[in-house]
Structures are given as structure tokens and as C-alpha cells.
Amino acid sequence: PSAPPAVLPSETEQPRWSLEFLDQFLSGEQGREGSAQAGAAVYAKARCSACHKMESQGGGFGPDLTSINRRFTRTEVLESILFPSHVISDQYATKKVITKNGEIYTGVVVKTSKGIAVRVNENKEFMIPDEEIEELAPSKVSAMPAGLLDELSPTEIRDLMCYLGYVPEDKRTADQPTTLRR
């Protein structure tokens, strides 16, 4: 009951790049080249490491991206970046905390001995003592902000996907060993 409703994002929430465009670009000729090294620079430019770990580098606020290519398809990852509030894992679900003096904090809530810690983007955390809490309610908004790919070019997005371990389709088949039939 606390999960977001299963509806597609509305027209007003559309990012600069559509999922269909990015899938088509990454499957096309321009998407067949890519550089994990250039993708590392894009990862830094987009500030992904502020919340996500890759190998042993980065923050631990969001999911570890080290082996994301083994858990999710490229399309699923792109969809999660384009529409971060569409599907939110229970592990990273956010809550809205309303204090008795009317302040509202939205983020991942962690119960502590001193009250509630509300973790928001880029590892910012607010401590709220139990006696100051008026209401604690589920939020349908992800801690991951929308629009993260809007400032990137399709080529940068391609390189970012290479950095995350998504090998362009023609390279995938070229690198796989062939088997002989007898």
C-alpha cells in the first residue's frame, strides 16, 4: 500500500531523452563504439559517485553499481535513471517526516537511539528527535533526482553505460568465444 501507484510518468515529467531514443541510439551504429574511460569522466561529471559506489569508490547512499550489468538490463537501468520515482526498491524507499513546527524532510529514514536520521541526496543527513516528529508518512518520490541525463549528450550516455559494464552489442558478440560443433 505504501508503494507508488503503477502508472507511467506523465507528459510533464518527460526527460530530455526518451527511453526509446536512447535504446535506438545505443543499438545503432553510433552506439556501437564507446569508452569506459570516457564513461568514468561522465560518471564524475554527473556526480553519480556522490550517492553510488562503483568498485570501492563513491558514496553508499544509493545502490552499489559495481555489478549492475549482471542484475539489470541496459534498458532497465536507463529507465531507472530517466524515471527514478517509477520503481523504488524497499531498501531505498523514502519517507516524509513532518515536525511539530511544520518543517518537512523527505529522504531515507533510519531509526537511531536519538530519534530519526533522514538521509537526503549527496549524503546530507538531518537528525530529528522523536519528540519533535508530528507525522511519518511514505513518500512516492525517489531520493534520486530526475533529469540526471538531461545535461548529457547521447555519446556521453553511451560512454556512461560502457563504464557501467554495458558493452555495445557488436563488441559483445565479437568478444564472445566461438564454439565448434562436432
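Residues numbered from 1 in each chain as written. Predicted model: local features only at pLDDT ≥ 70, side-chain atom pairs only at ≥ 80, totals over all residues. Heavy atoms only, no water.

A. Inspection of the overall build of the protein chain at higher detail. Each helix and strand counted, the protein chain has six helices and seven strands in total. Within the protein chain, the fraction of its 182 residues that count as buried is 34%. For the protein chain, restricting intrachain contacts to residue pairs at least 6 apart in sequence, the fraction spanning at least 24 positions comes to 62%. Approximately 11,700 Å² of the protein chain is accessible, and the part contributed by carbon and sulfur atoms is 51%. (Helix = DSSP H or I, 4+ residues; strand = E, 2+ residues; numbered from the N terminus. Buried < 20%, exposed > 50% of the residue type's maximum accessible area, 1.4 Å probe, protein only. Contact = heavy atoms within 4.5 Å. Areas by Shrake-Rupley, 256 points an atom, 1.4 Å probe, with all protein chains shown as cover.)

B. Spatial organisation of the state of the cysteines. Scanning the entire structure with this criterion turns up zero disulfides. Cysteine Cys-48 is unpaired, with the sulfur of Cys-51 as its nearest cysteine sulfur at 9.1 Å. Since its relative accessible area comes to 18%, Cys-48 is described here as buried. Residue class for Cys-51 comes out buried when judged on its relative accessible area of 12%. (Disulfide = S-S within 2.5 Å.)

C. How the structure looks around helix H5 (residues 154-163). Of all ten residues in H5, eight are buried, a share of seventy percent or more. The set of residues buried in H5 consists of Pro-154, Glu-156, Ile-157, Arg-158, Asp-159, Leu-160, Met-161 and Cys-162. At its buried positions, H5 is contacted by helix H1 (19-27), helix H2 (36-45) and helix H4 (74-82). Two residues or fewer after H5 comes Gly-165, characterised by a positive phi angle close to 100°.

D. Inspection of the sheet that holds strand E4 (residues 104-112) at higher detail. Judged by pairing direction, the sheet is antiparallel, and its five strands sit side by side in the order E6-E5-E4-E3-E7 without closing on themselves. Here the strands that pair on one side only, and so sit at the sheet edges, are strand E6 (124-128) and strand E7 (133-138). Between one strand axis and the next, the sheet turns by 45° as a mean value, whatever way the strands run. Bridge count between E4 and strand E5 (residues 115-120): five bridges; the pairing is antiparallel. (Pairing = 2+ DSSP bridges. Axes fitted to C-alpha atoms, helices over the stretch in contact; angles between N-to-C directions.)

E. Layout of the confidence of the model for the protein chain. Taken over all residues, the pLDDT of the protein chain has a mean of 85, while the share at 70 or more is 84%. The secondary-structure element of the protein chain with the lowest mean pLDDT is helix H6 (residues 169-175), recorded at 50, while H5 shows the highest, at 96. Predicted confidence is poor over residues 8-12, with pLDDT under 50, and the contacts of this stretch with residues over four places away or in other chains come to four contacts. (pLDDT = per-residue confidence, 0-100.)

F. Just the packing of H1 against H4, in detail. Where H1 contacts H4, the two axes come as close as 10 Å, and the packing angle between them is 140°. With respect to H4, the element H1 is oriented oblique. Where H1 crosses over H4, the two elements pack in a sense that is right-handed. Counting all contacts with H1, which are made through Leu-19, Leu-22, Asp-23, Leu-26 and Ser-27, the residues of H4 involved are Arg-74, Thr-75, Leu-78, Glu-79 and Leu-82. The class makeup of the residues in the contact of H1 with H4 is five nonpolar, two polar and three charged. (Parallel < 35°, antiparallel > 145°, perpendicular 65-115°, else oblique. Left-handed = near helix turned anticlockwise from the far one by under 90°. Nonpolar A, V, L, I, M, F, W, Y, C, P; charged D, E, K, R; others polar.)

G. The nonpolar core, seen in detail. Counting 24 residues, the largest nonpolar core has Leu-78, Leu-149, Ile-157, Met-161 and Leu-164 as its most contacted members. Those elements that provide at least two residues to this core are H1, H2, H4 and H5. Discounting chain neighbours no more than four positions away, the residues touching Met-161 are Leu-26, Arg-74, Val-77, Leu-78 and Tyr-166. The next biggest cluster of nonpolar side chains, apart from the first, holds seven residues, and it includes Val-118, Val-120, Ile-128 and Ile-133. (Core = buried A, V, L, I, M, F, W, Y, C linked by side-chain atoms within 4.5 Å.)

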